Structures are given as C-alpha cells and as structure tokens.
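Residue-level structural notes
Next come the chains, spelled out residue by residue.
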Amino acid sequence: AEARQNLTAAVEEHSQAMVQASRTLAAESGVSFGGIDFSVAPYPEQARSVGTAMEQLGVPAVGLPGSLAAAALITSSLDRAKFARIGFSGLMLPLMEDSTLAARAAQGVLSVTDLMLYSAVCGVGLDTLPLPGDITPQQLYGILLDLATLSKRLDKPLTARLMPIPGKRAGDQTDFDFEYFVNSRVLALPSDPVGGLLAGDETLEFGL
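To keep things clear, this report deals only with the structure shown in the data block.

Cut-offs and rules
- Residues numbered from 1 in each chain as written.
- Predicted model: local features only at pLDDT ≥ 70, side-chain atom pairs only at ≥ 80, totals over all residues.
- Heavy atoms only, no water.
- Buried < 20%, exposed > 50% of the residue type's maximum accessible area, 1.4 Å probe, protein only.
- Helix = DSSP H or I, 4+ residues; strand = E, 2+ residues; numbered from the N terminus.
- 1 Å grid on protein atoms, 1.4 Å probe; cavity = no way out; pocket = protein on both sides within 12 Å on 5 of 7 lines; lining within 4 Å.
- Points joined across faces, edges and corners; volume = space filled by probe spheres on them.
- Nonpolar A, V, L, I, M, F, W, Y, C, P; charged D, E, K, R; others polar.
- Phe/Tyr/Trp six-rings, centres within 6.5 Å; stacked < 30°, edge-to-face > 60°.
- Lys NZ or Arg CZ within 6 Å of the ring centre and 35° of its normal.
- Salt bridge = Lys/Arg side-chain N within 4 Å of Asp/Glu carboxyl O.
- Polar contact = N/O pair within 3.5 Å; in protein donor to acceptor, adjacent residues only side chain to side chain.
- Contact = heavy atoms within 4.5 Å.
- Expected span 1.5 Å × (residues − 1).

Another point: helix 4 (residues 99-106). Counting buried residues in helix 4 gives six out of eight residues, a clear majority hidden from the surface. Considered for burial, the residues of helix 4 that qualify are S99, T100, L101, A102, R104 and A105. Directly beyond the C-terminal end of helix 4, a positive phi value near 85° is found at G108.

Written out as structure tokens, the structure reads:
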C-alpha cells in the first residue's frame, strides 16, 4: 500500500509540472490541450527498465508467478493518480525496448502467452515481439484473435506490434543495431493454427 501510494504521488507531482508547461505552450500557440499520456515505458538500459521495476517489487523473474500482480500494482498506481489524462496512461511492456524483458525472453522465462496475460492489466498489448520469420498468417491470426478478444471483453484499446524476422527461427539471437532496441531471442509459438469455428470469416462479438 505504501509503495503504491508513493508511486501515485510521484506520478501526480511530475504530471502536474507537465500539465502546467503544456497548458502554457497551448495558450502561447493557440492550440487545444487535452491532457497527457503518462504511460510508464522503458528504454534499453537497466535504470529505465520496467521489467527491473517489476522484479524489485518481489517477482523472482518476469514471466514467473507474481508478474501479473506486479504489473497490476503499477497500473493501479497510474489509475489512481489525478491529472489531465489522455491516451493509454498505462504500463507498457515492449520486449525489445526493455533490457530485463529481453533477457527473460532469451532465457525462456517470458513467453508470448505471458505477455498476452499481462495485457489484461496493462495498457498496450503485445509490443515489439521478435517472432520466427516463417510464421504463417494463420498463426498470426490466432494471436490477434486472442488480443482482440481481450480488448473487446475489457473494453480497452490494445495494440499488436509483432515482428517476424526473416531468416530467424525460434531461439535464434536477434541482431538489431538500433539504439532503442536491446537484442533478445526469437520467441517460440505453437505450430498449430486456429481452425474450425474460430477460423470462420464472420464477425465475432466478444463484448461485455
């Protein structure tokens, strides 16, 4: 409770400064200010790793039991903060942009299914996931079907930034040379595509 209160207070303090500066700029430029997106997002260094933050809450390694609770605690702290909000304003878990998430995926601890589960309490969805280059449209369909179902059932936007890497197979090391990415290993996926009823071409309604 104390940790959540401290994080919420810190978000409110920093968001207040950003809102004040934004409103000043909006008045000077004649544009409308609607709010700020205070999403917690990582950068490829440990000091700015969301995965590290989750593990400092007590999770042995992101992907192990307790990870969902850690993600929910951070998200609920953002939800409790009072500021002029817009956009996601949630917890972002882009695998290739976070040193700890990338390391846990490379170790086989963190999977696509785990990240899908965390989307239920986070703000974004599946983000920068390195996938095998030979993944089929049918396999991608199954992932997107599950993510879209979560989005509809929870009545919140979720995105999918999936990255099939040509020539790479599950378990292969990635070799990006990009300052905003940290390298990991290509994530494995079940080989069987969705079939039968769920593979139909009609619109499925999964709303509340």
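The structure having been displayed, the exposition proceeds.
Turning our eyes to something else, we now look at the layout of surface pockets. Roughly 380 Å³ of internal volume is contained in the largest pocket. Around the largest pocket sit 21 residues that line it, and L7, V40, S49, A53 and I74 are the ones nearest its centre. Listing elements by their share of the lining of the largest pocket, those giving two or more residues are helix 1 (2-29), helix 2 (50-56) and helix 3 (67-80). Looking at the lining of the largest pocket, the element that brings in the most residues is helix 1, giving five residues. Here the second largest pocket is characterised by a volume of approximately 290 Å³. G142, I143, D146, L189 and P190 are, among the 15 residues lining the second largest pocket, the residues nearest its centre. Elements with a contribution of two residues or more to the lining of the second largest pocket: helix 5 (112-118) and helix 6 (137-154). Its residues assigned to classes, the lining of the second largest pocket comprises eight nonpolar, five polar and two charged.

The next point concerns empty space enclosed by the protein. For the coordinates displayed, the defined rule picks out one cavity of 30 Å³ or more. Taken as a whole, the largest cavity spans an internal volume of roughly 30 Å³. Taken together, L91, M92, L93, L115, Y118, S119, C122 and G125 form the lining of the largest cavity. Its residues assigned to classes, the lining of the largest cavity shows six nonpolar, two polar and no charged.

Geometrically, a pair of aromatic rings is defined through the distance of the ring centres and the angle of the planes. Applying the stated criterion across every chain yields a total of five aromatic pairs. Between F176 and F181 the ring centres are 5.3 Å apart and the planes differ by 85°, which places this aromatic pair in the edge-to-face class. An aromatic cluster is present here, built from Y43, F176, F178, Y180 and F181 joined pairwise through their rings. Over the ring of Y43 we find R48; its NZ or CZ atom is 4.4 Å from the centre of that ring.

With that out of the way, let us pick up the pattern of salt bridges. Across all of its chains, the model carries five salt bridges by this definition. Its salt-bridge partner being E45, residue R48 comes within 2.9 Å of it at the nearest N-O pair. For R48, a relative accessible area of 46% translates into the label partly exposed. For the salt bridge of D127 with R161, the shortest nitrogen-to-oxygen distance reads 2.6 Å. Here R161 lies in strand 2 (residues 159-165) and D127 lies in strand 1 (residues 125-132), a separation of 34 residues in the sequence.

Glancing now at the side chain of D127. Owing to a relative accessible area of 4%, D127 belongs among the buried residues under this scheme. A polar atom in the side chain of D127 sits 2.6 Å from the side chain of R161. Sequence-distant contacts of D127, that is, excluding residues within four places in its chain, are made with M92, L93, P94, L95 and R161.

Helix length check: helix 3, at 14 residues, gives a terminal C-alpha distance of 20 Å against a target of 20 Å (1.5 Å per residue), a fit within 8%. Buried residues of helix 3: S67, A70, A71, I74, T75, S76, S77 and L78, and no others. Looking at the buried side of helix 3, the elements it contacts are helix 1, helix 2 and helix 5.

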